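Observations on the three-dimensional arrangement
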Amino acid sequence: MDLKLQDDLKHTDQLLQLTKDFSSRFLSSIDKLAADKQVEINGEVSIPDAGIGGGAALEMFRQRYGHGITAAAGPRYWGFVTGGVTPASLMGDWLTSAMDLNSSDKSSVAFYIETETIALLKELFGLPDEFLGCFVTGATMSNFTGLAVGRQWLGQQLGVDIAADGMAALSGLKVLSGTPHSSISKAMSMLGLGRNNLVRIAVPEHRECVDIPALKKYLQENKGPFIYVANAGTVNTVDFDDIAELVKLRDEYGFWLHVDAAFGGFAACSDQWKHLLNGWEQADSITIDAHKWLNVPYDAAMIFCRHPQLQTMVFQNAGAAYLGDPSAQFNFINHIPENSRRQRALPAWFSLMAYGKEGYRWMVENNITLAKQLGSLLADDPNFVLLAPVRLCVVCFTLNVAATEEAAAVEEYLEILNASGVVCMTATVYDGRQAIRAALVNWRTSGKDVTMVYDAMKVLAEKIVNKYTYA
Ligand SMILES: *Cc1c(COP(=O)(O)O)cnc(C)c1O
């Protein structure tokens, strides 16, 4: 054995202890670390001829990257839609790496853990048993998988097996949606459906949900078959398509109904908010992210699909799974893009068991309450303009400056706000306005954080608003 490997093998326990100490120090200071900062890394590294061993690698990692570690998993990282690892999911993730099982190997316990975790998640979300659930790496891959099965369905309507014969036999396929996430066009590009074949159906004024009469009109006037991507939680204003109405249209006009509920799906955890998802249990496929509101580490999401045969046609690995009894042959690799894969389900299993339905209800409702609090503070402050009601966990706002100054003012404001380290938010364009969004989906976030962030926001906003108003 290589000497360094031999040495590390002998000292594995010590190396894990060092790693644990590093992790504990990081996690216990996460409240004080900057939510975001500009990182610069000096010099270059190259692979050493003789390795330095795990202990020295940790030290080098600390020196080289330590200053750049931010609290992206902390309570005030409100950019994109980003959860943060719960203690129990970290335990699961650590064990996942320690055991290094292949979750696609049916003979290993990993297979059973994934199967059971999917069942727990269906209970949490109130989704019926008919859905086959599988872990994938993120909502983008989940959307990809849902659209891939939808594409197979489209082909079937036209008498073509796309998985076997490819897209060449078809033309004019369209995917329809109101306010789709950017990952939908990416998935269309990867699937050969083509980004340009995404048809944006109208949305009502100042909304991001689809206008049902407009969709109905499109379906009456155009010849399908189509895939419709329903949005259950848009990233700017967490708007929801009326899924129950979409199900009615699907039953009348026959399209594939995919629901992108990457984080909006967590409304199902709360009796107060689950009505937003009414009808989703009848969708053909559903995307839900795990590394967002489930607060497990990257990278994990689920695809739920109720057409296992079509799914197998697309994703079967070689021909083997196609033969014989499909239920006896069941294996995740025949239903998703990945073949070998890490045991992504285990962090979720730990967190679901550790915190249960009540823990997740609390997490979701707490974040919503806090987002609404921030929304009211901004609505009452003349420096800001709230651009949409806070429907769930995202606050979308801009600065109260002249329209012509908006773009420059918002850019400058966001830069100094994020540079303060107190919070991280992301820029967006909403309703034609240059805007900022704050997404609260982290379990650590508290009322104290909202106050701290608002105080910092107010001081900086006064500066920028004055500058642009009296320039
Ligand atoms: C985040 C998100 C995605 C993409 O998710 P990844 O996990 O980054 O791949 C897709 N759809 C919606 C609505 C999202 O919020």
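Residues numbered from 1 in each chain as written. Predicted model: local features only at pLDDT ≥ 70, side-chain atom pairs only at ≥ 80, totals over all residues. Heavy atoms only, no water.

The next point concerns the overall build of the chain. Along its length, the chain carries 14 helices and 11 strands. Relative to the globule expectation of 23 Å for 471 residues, the C-alpha radius of gyration of the chain, 24 Å, shows essentially globular dimensions. Viewed in the frame of its principal axes, the chain has a C-alpha envelope of about 70 × 60 × 45 Å. Across the 471 residues in the chain, those meeting the buried criterion constitute 51%. Nonlocal contacts in the chain, meaning residues at least 24 apart in sequence, comprise 72% of its contacts between residues at least 6 apart. Of the roughly 21,200 Å² of accessible surface on the chain, a fraction of 54% belongs to carbon and sulfur atoms. Averaging the coordinates of the 39 positive side-chain charges in the chain and doing the same for the 52 negative ones gives two points 1 Å apart. (Helix = DSSP H or I, 4+ residues; strand = E, 2+ residues; numbered from the N terminus. Rg over C-alpha atoms; globule rule 2.2 N^0.38 Å. Buried < 20%, exposed > 50% of the residue type's maximum accessible area, 1.4 Å probe, protein only. Contact = heavy atoms within 4.5 Å. Areas by Shrake-Rupley, 256 points an atom, 1.4 Å probe, with all protein chains shown as cover. Lys, Arg positive; Asp, Glu negative; His and termini not counted. Charge placed at Lys NZ, Arg CZ, Asp CG, Glu CD.)

Our focus in this paragraph is the state of the cysteines. Each disulfide is one covalent bond, formed between the sulfur atoms of two cysteines. In this structure the tally under the stated criterion is 0 disulfides. Cysteine cysteine 305 remains unbridged, with the sulfur of cysteine 134 as its closest cysteine sulfur at 8.6 Å. Residue cysteine 305 is classed as buried on the basis of its relative accessible area of 1%. Between cysteine 393, a free cysteine, and cysteine 269, which holds the nearest cysteine sulfur, the sulfur-to-sulfur gap is 12 Å. Residue cysteine 393 is classed as buried on the basis of its relative accessible area, which comes to 0%. (Disulfide = S-S within 2.5 Å.)

Inspection of the entire model under this criterion finds 18 salt bridges. Aspartate 239 is paired through a salt bridge with arginine 391; the nearest N and O atoms lie 3.8 Å apart. Residue aspartate 239 is found in the loop between strand 4 (226-231) and helix 10 (243-253), and its partner arginine 391 is found in the loop between strand 8 (384-386) and strand 9 (394-399); the two are separated by 152 residues along the sequence. Taken individually, aspartate 239 and arginine 391 each receive the classification buried, so the pair is uniform in this respect. Where arginine 250 meets aspartate 284, a salt bridge forms, and the shortest distance between an N and an O atom there is 3.0 Å. Here arginine 250 is found in helix 10, whereas its partner aspartate 284 is found in the loop between strand 5 (256-260) and strand 6 (285-289), with 34 residues between them in sequence. No difference in accessibility class separates arginine 250 from aspartate 284, as the two residues are buried. Salt bridges here are not isolated pairs; linked through shared partners, they connect Arg207, Asp239 and Arg391. (Salt bridge = Lys/Arg side-chain N within 4 Å of Asp/Glu carboxyl O.)

Let's shift gears to the site of the ligand. Around the ligand there are 14 residues in total, and Thr140, Asp260, Asp289, His291 and Lys292 lie nearest to it. Interatomic distance of 3.0 Å between a backbone N/O atom of alanine 139 and an oxygen atom of the ligand. Residue lysine 292 places a side-chain N or O atom 2.8 Å away from an oxygen atom belonging to the ligand. In isolation the ligand exposes 380 Å². Once the protein is present, 84% of that is buried. With 3 residues, the top contributor of residues to the shell around the ligand is helix 6 (residues 139-157). A breakdown of the residues in the shell around the ligand according to their chemical character gives 4 nonpolar, 7 polar and 3 charged. (Near = heavy atom within 4 Å. Polar contact = N/O pair within 3.5 Å; in protein donor to acceptor, adjacent residues only side chain to side chain. Nonpolar A, V, L, I, M, F, W, Y, C, P; charged D, E, K, R; others polar.)

Looking now at the sheet that holds strand 11 (residues 433-439). Spatial strand order, 8-9-11-10: 4 strands in an open sheet with antiparallel pairing. Every other strand in the sheet has two partners, leaving strand 8 and strand 10 (426-430) as the edge strands with one partner each. Between one strand axis and the next, the sheet turns by 45 degrees as a mean value, whatever way the strands run. In the packing of helix 13 (residues 406-419) onto the sheet, the strands contacted are strand 8, strand 9, strand 10 and strand 11, and the crossing angle to strand 11 comes to about 30 degrees. (Pairing = 2+ DSSP bridges. Axes fitted to C-alpha atoms, helices over the stretch in contact; angles between N-to-C directions.)

On to the packing of helix 4 (residues 87-99) against helix 12 (residues 345-379), then. Here helix 4 crosses helix 12 at 150 degrees, and the two axes come no closer than 7 Å. By the angle between their directions, the pair helix 4 and helix 12 is classed as roughly antiparallel. Along this stretch, helix 4 crosses helix 12, giving a crossing that reads as right-handed. Across the interface between the two elements, Pro87, Ala88, Ser89, Met91, Gly92, Asp93, Leu95, Thr96 and Met99 of helix 4 pack against Leu346, Pro347, Phe350, Ser351, Ala354 and Tyr355 of helix 12. A class-by-class count of the residues in the contact of helix 4 with helix 12 yields 10 nonpolar, 4 polar and 1 charged. (Parallel < 35°, antiparallel > 145°, perpendicular 65-115°, else oblique. Left-handed = near helix turned anticlockwise from the far one by under 90°.)

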